[in-house]
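Take a look at the letters that make up each chain.
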Amino acid sequence: MTGPEKVRQLVLDPTLCAAHGMCADVLPEVYELDEWGYPVSVSGGLRTPIPAELVSAAKRAVRSCPVRALSLHKP
Amino acid sequence: MATRVGVRLIPVDRETGQARVLSDLGAHVAWYGPMPRWGKARDAKPAALLEEIERSGLRGRGGGWFPTARKMRAVIASAAERSSMSSGRKPVLIANAMEGEPASTKDAVLLSHAPHLVLDGMVAAAAAVGAKEAYIALHRGSAVIAVVDAAIAQRKDPVKIRLITPPARYVASEESALAHWAGNGLAVPVFDERPFEHGMNGRPTLVQNAETLAHLALIARHGGQWFADRGDPQAPGTTLVSVGGSVAYPGVIEVPTGTPVDEILRLCGGLTGPVDALLTGGYGGAWVRRDELLAVPWSPEPVSAVGGVIGAGILWALSSQICPMDEIASVAHWMAGESAGQCGPCRFGLPSVADDLALLAGDRVTSEDTARLKRRLGLVINRGACKHPDGVVRFVSTGLHAFAPEVAMHLNGRCGATAITSPRQQGRLPLPAGREIPVKAPGKDFQ
């Protein structure tokens, strides 16, 4: 296997997201903000595979979101 | 609204060539024959019906062209899973006749001529999945409400059919939005929930387009093989196409799938003037240049191979005399307003895209504006709970590509269209009334 193993999936519910932008602070490896302040994932979609070394940061991102728009799942 | 060349669904009189109106149940049965009483008898029968549907190869005509039998099996599996877990919630059927695409008229034409065929299909679909409740959704203010209401009143069906009228918003006809409106009155798409698992009031919900159900009513009568013998084997049967724009006889036409686009246009009296590109699939669809589309068989895969979309069966030939930038900007502006406003990229992104397009439709656009537009188009896709923003992006991106020479002219402060554009001009893309958009006055800046 090449590259780090993807162990989790980070899911963004776009109907909940209110552009607080905490996720981009806590998890800049995954999210950057668009011109309206909403997170854009490196994966280009709403589901982002999270490698093992980013799982704890992803958990922090889930907790930091004021509207609980993020959730971490087993793939 | 001309309706011609009925093949199977639309009851066209052979002698007069006119489409008949079979709103009377007796006339309906005389035309199509009696409906076998599927589901009324033993348990084996719904399974046998499902096998016929499988054999037919029927795919959904609402836009997705998803195999109908597979969707039904998913609903059945979801309901079985629930009942083994105790609560045992029966599936629900919703017939989707919302017809949210403004350029589509096929479901209204079908229902005004053969309402009982759609209702027969609902009875068959309900039997196949074991649904005891069935709803037919027409958008609020639809012209066929009275026809459908009267048709329901004439019938004695094993399943109770009710008419529901959600608001006439573009996204309200989206599957999850429809299922939720029927349950809780909120006609907005839902993230990460599939109606066949968790639809109306959390129950497994089968949502099928009205035309799909009409085909189903004929499959229930004549069998799957009969259906599969006509049309493109990859997407068998006949299909309704709403043809509009620069053709002699715009309207709804029924053709076997796989009929070449130029044959469909010929059946509508042919193009009435120069056309550079056609819109396929409606405002969530795609533009294709005329020379790339004419020889293509009207079936999902061949059309998609040239960048088009059949969607709900829309084909619009835009006259070269009409400014395509005006059309694209107007539709994008309207579609931005049709967003449910739940997701940021759609709520803010689509109006921004529409603003950029308004600049492009005017004569003061710069290459900086178009670069910003292209960047924004890339930003909006794959980020919504439903496919509304993705559809708009496809409509706009394919339009910029298909009308590239016109884009270049606008960048040089010129416009290739010869007609003076007015909101109600013949051949312009339809937008529901009361939503007039700013239009370009000749010789003036875009207002």
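The rules we used
Residues numbered from 1 in each chain as written. Chains lettered and ligands numbered in written order. Predicted model: local features only at pLDDT ≥ 70, side-chain atom pairs only at ≥ 80, totals over all residues. Heavy atoms only, no water. Contact = heavy atoms within 4.5 Å. Buried area = accessible area lost by both parts, 1.4 Å probe. Salt bridge = Lys/Arg side-chain N within 4 Å of Asp/Glu carboxyl O. Polar contact = N/O pair within 3.5 Å; in protein donor to acceptor, adjacent residues only side chain to side chain. Helix = DSSP H or I, 4+ residues; strand = E, 2+ residues; numbered from the N terminus. Nonpolar A, V, L, I, M, F, W, Y, C, P; charged D, E, K, R; others polar. Patch = residues over 30% accessible without salt bridge, like charges linked within 9 Å, V, L, I, M, F, W, Y side chains within 5 Å. Areas by Shrake-Rupley, 256 points an atom, 1.4 Å probe, with all protein chains shown as cover. Lys, Arg positive; Asp, Glu negative; His and termini not counted. Charge placed at Lys NZ, Arg CZ, Asp CG, Glu CD. Core = buried A, V, L, I, M, F, W, Y, C linked by side-chain atoms within 4.5 Å. Buried < 20%, exposed > 50% of the residue type's maximum accessible area, 1.4 Å probe, protein only. Domains from an automatic or database assignment. Expected span 1.5 Å × (residues − 1). Pairing = 2+ DSSP bridges. Axes fitted to C-alpha atoms, helices over the stretch in contact; angles between N-to-C directions. pLDDT = per-residue confidence, 0-100. Disulfide = S-S within 2.5 Å. Phe/Tyr/Trp six-rings, centres within 6.5 Å; stacked < 30°, edge-to-face > 60°. Lys NZ or Arg CZ within 6 Å of the ring centre and 35° of its normal.

A. Highlighting the interface of chain B and chain A. Taken together, the contact between chain B and chain A spans 17 residues of the former and 15 residues of the latter. Regarding the contact of chain B and chain A, the summed buried area is about 1,400 Å², with carbon and sulfur atoms giving 60% of it. Scanning the region where chain B abuts chain A turns up 3 salt bridges. Among the ionic pairs, E35 of chain A bridges to R376 of chain B, the shortest N-O distance being 2.8 Å. Run the count over chain B and chain A and you get 6 residue pairs in polar contact (both at pLDDT 80 or more). Those elements that provide at least two residues to the side of chain B that touches chain A are α14 (344–361) and α15 (367–380) of chain B. Within the side of chain B that touches chain A, the residues separate by chemical class into 7 nonpolar, 6 polar and 4 charged.

B. Focus on the environment of Q321 of chain B. Position of Q321 of chain B relative to the elements: it lies in the loop between β10 (314–319) and α13 (324–337). Residues Q321 of chain B and P274 of chain B lie 47 residues apart in sequence; the distance between their C-alpha atoms is 7.8 Å.

C. A positive patch on the surface, seen in detail. On the surface, K59, R60, R63 and K74 of chain A cluster together into a positively charged patch. Mapped onto the elements of the fold, R60 of chain A is located in helix α2 (residues 55–64).

D. The nonpolar core, seen in detail. Residues and elements named next belong to chain B. Within the largest apolar cluster, 52 residues are counted, with the highest numbers of intra-cluster contacts made by M72, M122, I136 and I161. When contributions to this core are tallied by element, the ones reaching two or more residues are α2 (44–56), α3 (68–84), β2 (92–96), α4 (106–113), α5 (115–129), β3 (133–137), α6 (145–154) and α8 (210–222). Looking at this core, the element that brings in the most residues is α5, giving 10 residues.

E. Focus on the domain arrangement of chain B. All names here are of chain B. Domain boundaries in chain B define domain 1 (21–228), domain 2 (238–319) and domain 3 (321–447). Listed per partner, the contact involves 16 residues of domain 2 and 22 residues of domain 3. Regarding the contact of domain 2 and domain 3, the summed buried area is about 1,600 Å², with carbon and sulfur atoms giving 66% of it. Connecting domain 2 to domain 3 are 0 salt bridges. For the pair domain 2 and domain 3, the number of links is 8 residue pairs in polar contact (both at pLDDT 80 or more). When contributions to the side of domain 2 that touches domain 3 are tallied by element, the ones reaching two or more residues are β8 (275–280), β9 (286–289) and β10.

F. Here's a closer look at α15 of chain B. End to end, α15 of chain B covers 20 Å across 14 residues, agreeing with the expected 20 Å (1.5 Å per residue, within 8%). What α15 of chain B keeps buried is the set D369, T370, L373, R376, L377, L379 and V380 of chain B. On its buried side, α15 of chain B packs onto β3 (39–41) of chain A together with α14, α16 (388–402) and α17 (404–411) of chain B. Following α15 of chain B by one or two positions, N382 of chain B adopts a phi angle in the positive range, close to 60 degrees.

G. Summary view of the pattern of salt bridges. In total, this model carries 21 salt bridges over all chains according to the counting rule given. Its salt-bridge partner being E175 of chain B, residue K71 of chain B comes within 2.6 Å of it at the nearest N-O pair. Residue K71 of chain B is found in helix α3, and its partner E175 of chain B is found in helix α7 (residues 175–184); the two are separated by 104 residues along the sequence. Taken together, the shared-partner salt bridges in this structure form one network comprising E35 of chain A together with D356, D369, R372, R375 and R376 of chain B.

H. Up close: the sheet that holds β2 of chain B. All names here are of chain B. Strand order in this open sheet of 4 strands is β4-β3-β2-β5, and the pairing throughout is parallel. With one partner strand each, in any of the chains shown, β4 (160–164) and β5 (205–209) form the two edges of the open sheet. With strand direction ignored, the average angle separating the axes of adjacent strands in the sheet is 20 degrees. Inspection of the sheet shows β2 paired to β5 by 5 bridges, in the parallel sense. From the neighbouring strand, N96 faces β5, where its bridge partner is N209. Together, β2 and β5 form the strand contacts of α8, whose direction differs from that of β5 by roughly 90 degrees.

I. Spatial organisation of unusual backbone geometry. Residues and elements named next belong to chain B. Residue E99 is not a glycine yet carries a positive backbone phi of 50 degrees. Here E99 shows up in the loop between β2 and α4. Backbone geometry at N201 places phi at a positive 50 degrees, although glycine is not the residue there. Following the sequence through the fold, N201 ends up in the loop between α7 and β5.

J. A look at the confidence of the model for chain B. In the predicted model, chain B carries a mean pLDDT of 89, and 91% of its residues have values of at least 70. Under a pLDDT of 50 for its full length, residues 1–6 of chain B has, in the predicted model, 23 contacts with residues more than four places off or in other chains.

K. Representation of the state of the cysteines within the structure. Counting across every chain of the model gives 0 disulfides over all chains. C23 of chain A provides the cysteine sulfur closest to C17 of chain A, a residue in no disulfide bond, and the two sulfurs are 6.4 Å apart.

L. Spotlight on α5 of chain B. For α5 of chain B, which comprises 15 residues, the first-to-last C-alpha distance of 22 Å matches the rise-based estimate of 21 Å (1.5 Å per residue) to within 8%. Of all 15 residues making up α5 of chain B, 15 are buried, and the element is well covered by its neighbours.

M. Focus on the side chain of D356 of chain B. Residues and elements named next belong to chain B. In this structure, D356 sits in helix α14. Side-chain polar atoms of D356 contact the side chain of R376, separated by 3.0 Å. When residues no more than four places from it in sequence are discounted, the contact partners of D356 are D369, R372, L373 and R376.

N. Summary view of the packing of aromatic side chains. In the structure shown here, the tally under the stated rule is 6 aromatic pairs over all chains. Judged by centre distance (5.7 Å) and plane angle (35 degrees), the rings of Y38 of chain A and F348 of chain B are tilted. Residue Y38 of chain A is found in the loop between β2 (31–33) and β3, and its partner F348 of chain B is found in helix α14; the two belong to separate chains. With relative accessibility at 7%, the residue Y38 of chain A sits in the buried group. Ring centres 5.1 Å apart and planes at 75 degrees place the aromatic pair W287 of chain B and F403 of chain B in the edge-to-face group. Linking W287 of chain B in strand β9 with F403 of chain B in the loop between α16 and α17, this pair joins segments that are 116 residues apart in sequence. Across the pair, exposure class does not vary: W287 of chain B and F403 of chain B are buried alike. In textbook terms, an aromatic cluster arises when at least three aromatic residues are bridged by ring pairs, as seen for Y170, Y283, W287, W334, F395 and F403 of chain B. The side chain of R8 of chain B reaches across the aromatic face of W226 of chain B, ending 3.8 Å from its centre. Across the ring face of F66 of chain B, the terminal group of R70 of chain B is positioned such that the distance to the ring centre comes to 5.2 Å.

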